[in-house]
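Coordinates in review
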Amino acid sequence: MTVSPTASPAGERVTKSFIDGAPVSSAQTYPNIDPSTGATLGEVARAGEAEIDQAVTAARRASRAWRATTPEQRSELLSRLAGLIDAEGETLARLESEDSGKPLSQARNDARVCARYFRFYSHVIESYYGLSIPLRPDLHVYTRREPLGVTGHIVAWNYPMQLFGRAVAPAIATGNCAVLKPADETPRTAVCLARLAAEAGLPPGVVNVVTGLGPEAGAALAAHPGVDHLSFVGSTEVGSLIAGAAARRVVPVTLELGGKSAHLVFADADVERAAATAAAVILQNAGQTCSAGSRLLVHERVHDELLRRIADRFATVSIGPGVADPDLGPLVSRKQQDRVRGYVESARGADIVCGGTVAEPEGIAGGAYFTPTLIDGVDPAAPIAREEIFGPVLTVTTFSTEDEAVALANGTDYALIGAVWTRDLARAHRVAAQVDGGQIYVNTYGAGGGVELPFGGFRKSGYGREKGIEALDAYTATKTIVVQL
Ligand code: NAD
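Cut-offs and rules
Residues numbered from 1 in each chain as written. Predicted model: local features only at pLDDT ≥ 70, side-chain atom pairs only at ≥ 80, totals over all residues. Heavy atoms only, no water. Helix = DSSP H or I, 4+ residues; strand = E, 2+ residues; numbered from the N terminus. Buried < 20%, exposed > 50% of the residue type's maximum accessible area, 1.4 Å probe, protein only. Near = heavy atom within 4 Å. Polar contact = N/O pair within 3.5 Å; in protein donor to acceptor, adjacent residues only side chain to side chain. Areas by Shrake-Rupley, 256 points an atom, 1.4 Å probe, with all protein chains shown as cover. Nonpolar A, V, L, I, M, F, W, Y, C, P; charged D, E, K, R; others polar. Domains from an automatic or database assignment. Patch = residues over 30% accessible without salt bridge, like charges linked within 9 Å, V, L, I, M, F, W, Y side chains within 5 Å. Salt bridge = Lys/Arg side-chain N within 4 Å of Asp/Glu carboxyl O. Contact = heavy atoms within 4.5 Å. Buried area = accessible area lost by both parts, 1.4 Å probe. Pairing = 2+ DSSP bridges. Core = buried A, V, L, I, M, F, W, Y, C linked by side-chain atoms within 4.5 Å.

This paragraph deals with unusual backbone geometry. You will see that Asp-20, though not glycine, has its phi angle at about 55°, which is positive. Mapped onto the elements, Asp-20 comes out in the loop between β2 (17-19) and β3 (22-24). A positive phi angle is found at Asn-285, which is not glycine, with a value near 50°. Summarising the element assignment, Asn-285 is placed in the loop between α9 (271-283) and β14 (293-299). Taking relative accessible area as the criterion, Asn-285 reaches 3% and is therefore assigned buried.

Okay, here's the thing in structure tokens:
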């Protein structure tokens, strides 16, 4: 057992940064709050500019040797790290569940997906080639995909392990060295993963994790002149700050931001299947998923049946602490709980079919729970229909024509993913092409971790693509070499 996120050599419960292959303390700490109970899980090092600079300097130093390794060598190390993550999956899942409140079985899946990212990129990096371009017989022209150098990653709290894997695995597979700042609320698995990377044999400085608060450690990473690429997962508001910081230093940035994704349920849909899926995906991680299908657009003919089936499912949901593995855990914080309650209270004039209140599982007073909520008759112009709620709340708007459904689906500033529910194949393809979003599903929703599938948004959901082979392009730049023969 090698994963010990909080125990420092002295045994105190402080989660420290992991920089250049070693734990690093900070002068100040902040408390890590368990959202299931409101109790503290320990302290977290509150790093700032100095630790960020230390990490970027270590990454820069490591990058000289790391970029010279062969794809085979990197592949071997990434694959070894994937094996260690799998071996420590249970411990990692527990830490994730405690930090974020997510049900334990979902956290176990996140650990598996994190390992899968390292395994997937360990495979594909060995067949990631440049081109030979037949320009003229007397010229030998070829391209190389070169690493950018030091990559900075700032991620959200909702899927900490998955976000770590999807950022760090392609970055280091292509020969970059990474500095990651986990979300304030969920630092522990990232620190463990950096330790496991060292244990797998990745040289010091290749994977660094700096804990701390967004406006301090996060802002310092975004502004550091030694960072050659930024990837950000979080809110649109902070994403635009990161893009500004990147623009000032002229470095590329990938932005994975919010969403307000819709299910379009047509009259010929398999309503039971649509209901089961829509209910399951809005409950997953208590609705705190960027790609949550949080809007239900339903044809008037199947409206009543669909809502009845979803309400029946919501009625049987178990609610409790993440580590007890209920159907629905708490939200990540009391702050998030207030935000969700505020949105629901703003939905005056709509019909709250079920839920709509905070919840208090027996014997737990300090948790951030919210009941599964279904709100019908939502005005598409209302904030609750346009803004990201990030809770177990499903809004319903009815349509009568296909054009109307598409207009409703495209009627928010976001465009991340979506789903079309119909038995008409022609309509499925037609609507999938018209709905804006980086991924559109037909008669299903989401693809587990979706490690292999390019992922990203349009409009305010961000730009650039993570996951899949496309991510390798994001972390490299093409150099073209022309040789006169
Ligand atoms: P957030 O923007 O508040 O924070 C995200 C990260 O940015 C955290 O690590 C935070 O510490 C850091 N941060 C905050 N202020 C900063 C600043 N001034 N400078 C630099 N860094 C700063 O978002 P959140 O509330 O943690 O996450 C929820 C949001 O993330 C939602 O909008 C959700 O949709 C989005 N999200 C998107 C995806 C995706 O792939 N598109 C995935 C997960 C979450």
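It is worth spelling out the site of the ligand at this point. The local shell around the ligand holds 29 residues, among which Val-155, Arg-166, Asp-184, Ser-235 and Glu-388 are the closest. Separating an oxygen atom of the ligand from a side-chain N or O atom of Arg-166 is a distance of 2.5 Å. One of the side-chain N or O atoms of Asp-184 is found 2.6 Å from an oxygen atom in the ligand. Contact with the protein chains covers 88% of the free accessible surface of the ligand, which is 850 Å². Taken together, the elements giving at least two residues each to the shell around the ligand come down to α7 (214-223), β11 (229-233) and α8 (236-249). Here the shell around the ligand is composed, by residue class, of 18 nonpolar, six polar and five charged. The two domains that each donate at least three residues to the shell around the ligand are domain 1 (14-257 + 462-481) and domain 2 (262-453).

Another aspect to go through is a nonpolar patch on the surface. Judged by side-chain polarity, Leu-131, Ile-133 and Leu-135 come together as a nonpolar surface patch covering roughly 290 Å² of accessible area. On the secondary structure map, Leu-135 appears in strand β6 (residues 132-136). When its relative accessible area of 55% is taken as the criterion, Leu-135 is described as exposed.

Taken domain by domain, the chain consists of domain 1 (14-257 + 462-481) and domain 2 (262-453). Spacing between the C-alpha centres of domain 1 and domain 2 amounts to 30 Å. Between domain 1 and domain 2, the residue contacts involve 31 residues of the former and 32 residues of the latter. Buried area between domain 1 and domain 2, both sides added, is near 2300 Å², and the carbon and sulfur share of it is 54%. Contact with domain 2 buries surface across domain 1, with Ser-36, Trp-157 and Tyr-159 losing the most and accounting together for 22% of the total.

Take the sheet that holds strand β1 (residues 14-15) next. The mixed open sheet is built from three strands, whose spatial order is β1-β5-β4. Among the strands making up the open sheet, the edge pair consists of β1 and β4 (29-33). Across five bridges, β4 lies against strand β5 (residues 40-45) in antiparallel orientation. Each bridged residue has a counterpart across the sheet, and for Tyr-30 the counterpart in β5 is Val-44.

Next up on the list: the pattern of salt bridges. By the definition in use, this model includes 25 salt bridges. Where Asp-436 meets Arg-459, a salt bridge forms, and the shortest distance between an N and an O atom there is 2.4 Å. One end of the pair, Asp-436, is in the loop between α14 (425-434) and β22 (439-442); the other, Arg-459, is in strand β23 (residues 458-459), with 23 residues separating them in the sequence. A residue is classified by how much of its surface remains accessible, and Asp-436, at 28% relative accessible area, is partly exposed. Overlapping salt bridges bring together Asp-268, Glu-402, Arg-427 and Arg-430 as one network.

A few words now on the nonpolar core. With 77 residues, the main nonpolar core has Ile-85, Phe-118, Tyr-121, Phe-164 and Ile-172 as its most contacted residues. With nine residues, the single largest contributor to this core is helix α4 (residues 104-124). Not counting the four nearest positions on each side in its chain, Phe-118 is found in contact with Leu-78, Leu-81, Ala-82, Ile-85, Phe-164, Gly-165, Val-168, Ala-169 and Ile-172. With 48 residues, the next largest nonpolar core counts Val-265, Ala-269, Ala-292 and Val-317 among its residues.

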